[in-house]
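A look at the structure
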Amino acid sequence: MSFVRACAVDEVPVGSAIAVDLGGDAEIAVVNTVDGFFAIRDVCSHAEVPLSEGEIDGCTLECYMHGSRFDLRTGLPLELPAVMPVPVYPVRLDGQDVLIDPHNPIDIQEQ
């Protein structure tokens, strides 16, 4: 695994998300919940809109455009209209840094 620094812990208060550009084909949303930090591709699988602008509820993130909700642990859609999952990425903390491995999405089968 190749973890890279995405942001500082204090840049993402609990209950919020930010978009980070780590290179590649899309930005990644770093989400801080009461259950910890998560990383998910910052593009809804139903419409090309940023998930980082959506509402967080527990371990889910809602797309603000059409209301699809995604599980932050698996990327699976929990509500229509989205039917395709969104990639999620391994996250770890190193001191005050949030590290993400943007090159190795978590295999949904691992969940």
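Residues numbered from 1 in each chain as written. Predicted model: local features only at pLDDT ≥ 70, side-chain atom pairs only at ≥ 80, totals over all residues. Heavy atoms only, no water.

Attention now moves to the environment of P90. With respect to the helices, strands and loops of the structure, P90 is situated in the loop between strand 8 (88-89) and strand 9 (91-94). For the pair P90 and V20, spaced 70 residues apart in sequence, the C-alpha separation works out to 15 Å. (Helix = DSSP H or I, 4+ residues; strand = E, 2+ residues; numbered from the N terminus.)

With that out of the way, let us pick up the pattern of salt bridges. In total, this model carries four salt bridges according to the counting rule given. Its salt-bridge partner being E11, residue R5 comes within 3.9 Å of it at the nearest N-O pair. For D97, the salt bridge identified is with R5, shortest N-O distance 2.8 Å. Separated by 92 residues along the polypeptide, D97 in strand 10 (residues 97-100) and R5 in strand 1 (residues 4-8) bring together distant segments of the chain. Look at the salt bridges and you will find they share partners, linking R5, E11 and D97 into a network. (Salt bridge = Lys/Arg side-chain N within 4 Å of Asp/Glu carboxyl O.)

The strand order across the open sheet formed by three strands is 5-6-7, and the pairing between neighbours is antiparallel. Edge positions in the sheet fall to strand 5 (55-57) and strand 7 (69-71), since each of these pairs with one other strand and no more. For this sheet the average axis-to-axis angle between neighbouring strands, irrespective of direction, equals 25°. Note that strand 6 (residues 60-62) and strand 7 share three bridges and pair antiparallel. Counterpart to E62 in the pairing with strand 7 is R69. (Pairing = 2+ DSSP bridges. Axes fitted to C-alpha atoms, helices over the stretch in contact; angles between N-to-C directions.)

That is the geometry; function is a separate question.
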